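# Observations on chain architecture
Letter by letter, the chains look like this.
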Amino acid sequence: MSLRVGLAGVALSALMATGALAQTEIQWWHAMTGANNDVVVKLAEDFNASQKDYKVVPTYKGSYPDTMNAGIAAFRAGNAPHIMQVFEVGTGTMMAAKGAIKPVYQLMADAGEQFDPKSYLPAVTGYYSTVKGEMLSFPFNSSSTVMWYNKDAFKKAGLDADKPPKTWPETFDAAKKLKAAGYATCGFATAWVTWVNIEQFSTWHNIPIGTKANGIDGFDTELKINSPLHVKHLQNLVELQKDKTYDYAGRTNTGEGRFTSGECPIMITSSGFYGNVKANAKFDWANAPMPYYPDAPGAPQNSTLGGASLWVMGGKSAAEYKGVAKFFTFLSDVDRQAKLHTDSGYLPITKAAYEKVKASGFYKTNPYLETPLLELTNKEPTDNSKGLRFGNMVQMRDIWAEEMEAALNGQKTAQQAMDSAVQRGNAMLRQFERTVSR
Amino acid sequence: MEKRAIFGGQTLPYLLLAPQLIVTVLFFYWPASQAVWQSFLIQDAFGTSTEFVWFENYQSLFANREYYNAMGTTALFSILVAGFSLSIALLLAVMADRQMRGAMSYRTLLIWPYAVAPAVAGVLWLFMFQPSLGMVSRGLRGMGVDWNPLLKGGHAMTLVVMAAVWKQISYNFLFFLAGLAAIPRSVIEAAAIDGARPWRRFWTIIFPLLSPTTFFLLVVNITYVFFETFGIIDAVTGGGPAKATETMVYKVFSDGRLGGDLGGSAAQSVVLLLIVIALTAIQFRYIERKVTY
């Protein structure tokens with residue numbers, strides 16, 4: 001008898017153990033390092049503690065391109081993760097991969113989760129939605145381009161540290177004065193050279209990067225980045241590069257350190273640079289909106305997103321999708337978004353979270369966290385400023401950067417460089433179009 | 001009378017060869033044939049749509065001016081890297097071969113860099129020569145040199161060549177040292193007694209006797225430059241500025257892995273494979289004749 005009871009006990013505990021293990025695991029691949037990695041881990045832990053049925057497992061997979069490639073390779077091998085963090089330039093490639101992804105609007109509808117795309121900031125919705133307004137991926141960490149400047153340097157150069165330059169001509173003048181005041185190797189610089197000087201530059205001036213609403217209305221798009229304004233801007237940079245009033249700082253953000261080290265008093269780059277500036281800059285600093293050309297009609301328009309979103313991969317079970325949908329609802333929570341924003345410096349992605357932070361008076365003491373939001377919401381997005389969606393964008397950015405480098409080092413004129421960027425980019429778009437049209 | 005071991009039957013020889021054959025087929029012929037097959041396809045990154053296009057990938061490759069540019073860059077890069085790494089290693093090995101105090105630690109120190117991964121080597125050099133923060137570039141600037149590998153192609157090329165050479169010297173050094181140790185002292189001593197000076201002894205006796213090692217290293221170094229240096233290029237310049245440091249293998253890597261153009265990238269791999277086969281054949285056909293074993 002006692003043996004039987006014992007056996008029953010074993011069987012029961014085995015049952016309970018399987019019960020505990022019956023949690024559905026959700027794999028989440030991401031590219032966040034340092035403090036941002038802690039944010040990801042904390043979010044997963046909080047979600048796992050909030051319910052018993054699902055377990056989100058975050059895994060760091062390297063840089064943005066590395067994570068995307070790991071996901072693509074895993075998909076081809078038949079074991080993709082459930083959620084994959086993809087940077088904004090990968091959007092075109094992801095959305096073209098029908099069957100490889102599960103659109104977020106569909107996921108939420110299938111799982112019966114509350115989901116209203118209108119509650120998100122329009123700049124965010126536009127970037128990650130189809131023409132019909134169907135949201136394809138879930139916005140996660142968003143940023144925009146802002147101008148960071150060294151207030152101490154401004155004072156040293158006799159500039160008003162509380163009135164940063166608003167337009168490009170003013171920025172060039174300020175950089176010349178800063179150069180004369182001892183910043184001889186770099187008056188101003190831009191990180192992410194194509195993002196700042198082509199992509200954000202275009203949306204901020206309400207001029208197209210390509211036809212078909214920058215590729216959002218279809219993949220049969222052609223580039224328009226050799227317009228007079230684009231060429232004029234590059235030509236200005238080429239002239240200023242000659243005496244280092246502007247100094248080229250590379251294709252990615254590796255040159256950002258030249259701001260925090262005090263070498264470059266003005267650095268135009270991502271608002272996500274915030275954490276780094278806060279931790280490392282040993283001078284008084286602030287940020288301001290991107291400069292614009294005052295003679296460009298309608299400028300400034302609005303900026304567009306950087307950062308990354310979460311894509312749901314195809315071919316998973318209904319139970320797993322249910323868990324992913326629950327996790328996304330968890331992430332959309334107003335308080336959670338507000339806290340994420342004030343802790344990490346990422347933008348709040350919902351209107352409610354933005355309003356809540358605004359009402360709390362947070363921006364009065366932290367105005368630099370609102371700058372990118374004011375840029376994004378500056379005006380109602382147009383076809384030229386909703387965002388961009390080009391296939392092969394990762395590779396195309398390199399081509400654009402190559403051509404800009406050729407102009408900056410004197411191998412080509414600004415016009416030749418931008419013409420060539422358009423021509424080579426179009427060839428790449430045509431190839432991409434072929435792979436998706438079937 | 002000569003004694004020979006005769007093995008009966010047909011199976012045993014094949015059985016003995018089998019492990020080697022299996023490994024070769026599995027890790028060389030199979031992936032290589034996959035690359036050839038892939039080069040005839042146009043496919044999206046996820047592999048959800050595939051079209052068989054015969055030689056179209058090759059056609060667009062050879063119609064592309066950038067590809068010839070990459071070929072030229074590769075030729076320059078290989079000559080510089082193989083030339084410098086072989087000659088510097090030979091010089092160091094000849095020095096280390098002398099009888100001297102502390103020879104062991106000197107040799108050990110020279111071998112160490114080989115243990116550093118190419119990408120790490122690249123990053124080390126990048127730090128030293130980073131235009132505004134690097135130690136060496138500060139020195140260069142102090143001397144009035146406008147050092148800027150971010151925009152000047154020549155500077156970027158110098159940087160990747162230095163990193164690639166530095167990485168390979170240890171390996172070459174090791175083989176040269178072993179080769180030098182195998183040269184009979186008596187021959188050199190006899191030449192010395194005959195009145196040959198060190199320079200003459202080197203060129204008429206030591207260098208010819210080292211030729212098998214040199215030839216082997218030449219083949220290995222060319223392969224190294226062609227296939228293993230993309231880690232350095234990726235870490236240091238990313239192929240820039242304006243393609244100045246984009247070699248063929250880096251283009252394969254960036255088009256295929258970063259760009260998701262698998263067909264085009266596979267076609268490039270096949271072309272690269274053919275070039276290396278041709279180079280190796282030429283080396284064995286013409287240069288090996290000059291080698292004295």
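Residues numbered from 1 in each chain as written. Chains lettered and ligands numbered in written order. Predicted model: local features only at pLDDT ≥ 70, side-chain atom pairs only at ≥ 80, totals over all residues. Heavy atoms only, no water.

## Notes on the side chain of Glu 375 of chain A
Residue and element names in this part refer to chain A. Here Glu 375 is to be found in helix 18 (residues 371–376). Polar contacts involving the side chain of Glu 375 include one to the main-chain amide nitrogen of Met 290, which spans 2.7 Å. Once residues within four sequence positions are removed from consideration, Glu 375 is found in contact with Ser 144, Thr 145, Val 146, Trp 204, Ala 288, Pro 289, Met 290, Asn 302 and Ser 303. (Helix = DSSP H or I, 4+ residues; strand = E, 2+ residues; numbered from the N terminus. Polar contact = N/O pair within 3.5 Å; in protein donor to acceptor, adjacent residues only side chain to side chain. Contact = heavy atoms within 4.5 Å.)

## What about the state of the cysteines?
Residue and element names in this part refer to chain A. Per the stated rule, a full pass over the model turns up one disulfide over all chains. Between Cys 186 and Cys 264 runs a disulfide, and the two sulfur atoms are separated by 2.1 Å. When the S-S torsion is 110°, as for the bridge of Cys 186 with Cys 264, the disulfide is right-handed. Of this pair, Cys 186 sits in the loop between helix 8 (168–180) and strand 7 (188–190) while Cys 264 sits in the loop between helix 12 (257–260) and strand 8 (266–270), placing them 78 residues apart in sequence. Across the pair, exposure class does not vary: Cys 186 and Cys 264 are buried alike. (Disulfide = S-S within 2.5 Å. Buried < 20%, exposed > 50% of the residue type's maximum accessible area, 1.4 Å probe, protein only.)

## A closer look at the packing of helix 3 (residues 65–97) of chain B against helix 7 (residues 153–181) of chain B
All names here are of chain B. Orientation of helix 3 relative to helix 7, taken along the N-to-C sense of each, is 40°, at an axis distance of 6 Å. The angle between the axes of helix 3 and helix 7 places the two elements in the oblique class. Note that helix 3 runs across helix 7; the crossing there is right-handed. Among the residues forming the contact of helix 3 with helix 7, the class breakdown is 23 nonpolar, four polar and one charged. (Axes fitted to C-alpha atoms, helices over the stretch in contact; angles between N-to-C directions. Parallel < 35°, antiparallel > 145°, perpendicular 65-115°, else oblique. Left-handed = near helix turned anticlockwise from the far one by under 90°. Nonpolar A, V, L, I, M, F, W, Y, C, P; charged D, E, K, R; others polar.)

## A closer look at the interface of chain A and chain B
Tallying the contact residues gives 37 residues for chain A and 33 residues for chain B. Our count for the chain A to chain B interface comes out at five salt bridges. In this structure, the salt-bridge partner of Arg 434 of chain A is Glu 56 of chain B, at a minimum N-O distance of 2.3 Å. If you look at where chain A meets chain B, you find nine residue pairs in polar contact (both at pLDDT 80 or more). When residues of the side of chain A that touches chain B are traced back to their parent elements, those giving at least two are helix 3 (64–76), helix 4 (91–96), helix 19 (393–408) and helix 20 (414–436) of chain A. Grouping the constituent residues of the side of chain A that touches chain B by class yields twelve nonpolar, twelve polar and 13 charged. (Salt bridge = Lys/Arg side-chain N within 4 Å of Asp/Glu carboxyl O.)

## Focus: the packing of aromatic side chains
Residue and element names in this part refer to chain A. Using the criterion set out here, one finds 52 aromatic pairs over all chains in the structure. Here Phe 188 and Tyr 246 contribute two aromatic rings whose centre-to-centre distance is 5.1 Å and whose plane-to-plane angle is 55°, an arrangement assigned as tilted. Of the two residues, Phe 188 is situated in strand 7 and Tyr 246 in the loop between helix 11 (228–242) and helix 12; the sequence distance between them amounts to 58 residues. Phe 188 gets classed as buried once you look at its relative accessible area, which sits at 0%. Look at Phe 327 and Phe 330: their rings are 6.2 Å apart centre to centre, the planes differ by 15°, and that puts the pair in the stacked class. In this pair, Phe 327 and Phe 330 both sit in helix 14 (residues 318–332), three residues apart, roughly one turn of the helix. Taken individually, Phe 327 and Phe 330 each receive the classification buried, so the pair is uniform in this respect. Through successive ring pairs, a cluster of aromatic residues spans Trp 28, Phe 47, Phe 115, Tyr 120, Phe 138, Phe 140, Phe 327, Phe 328 and Phe 330. (Phe/Tyr/Trp six-rings, centres within 6.5 Å; stacked < 30°, edge-to-face > 60°.)

## Some details on the side chain of Ser 211 of chain B
Here Ser 211 of chain B is to be found in helix 9 (residues 198–227). Within the structure, Ser 211 of chain B has its side chain in polar contact with the backbone oxygen of Pro 208 of chain B (distance 2.6 Å).

## Observations regarding helix 12 (residues 262–287) of chain B
In an α-helix, one turn spans 3.6 residues; hence positions three or four apart end up facing the same way. Residue and element names in this part refer to chain B. End to end, helix 12 covers 36 Å across 26 residues, agreeing with the expected 38 Å (1.5 Å per residue, within 8%). Within the sequence span of helix 12, burial applies to Gly 263, Gly 264, Ser 265, Ala 266, Ala 267, Gln 268, Val 270, Val 271, Leu 272, Val 276 and Gln 283. Packed against the buried residues of helix 12 are helix 1 (11–38), strand 1 (41–43), helix 2 (56–62), helix 3, helix 9 and helix 11 (248–258). (Expected span 1.5 Å × (residues − 1).)

## Focus on the sheet that holds strand 9 (residues 285–288) of chain A
Residues and elements named next belong to chain A. The four strands are arranged 7-8-6-9 in an open sheet whose pairing can be described as mixed. Each end of this open sheet is capped by a strand with a single partner; those strands are strand 7 and strand 9. Strand-to-strand twist of the sheet, defined as the mean angle between neighbouring strand axes without regard to direction, takes the value 25°. (Pairing = 2+ DSSP bridges.)

## Regarding the packing of helix 11 of chain B against helix 12 of chain B
Residues and elements named next belong to chain B. The N-to-C vectors of helix 11 and helix 12 enclose an angle of 160°; their axes lie 8 Å apart at closest approach. Put simply, helix 11 runs roughly antiparallel to helix 12. The handedness of the crossing between helix 11 and helix 12 comes out as left-handed. Of helix 12, the residues touching helix 11 (which contributes Met 248, Val 249, Lys 251, Val 252, Asp 255 and Gly 256) are Leu 262, Ser 265, Gln 268, Ser 269, Val 271, Leu 272 and Ile 275. Classifying every residue of the contact of helix 11 with helix 12 gives seven nonpolar, four polar and two charged.

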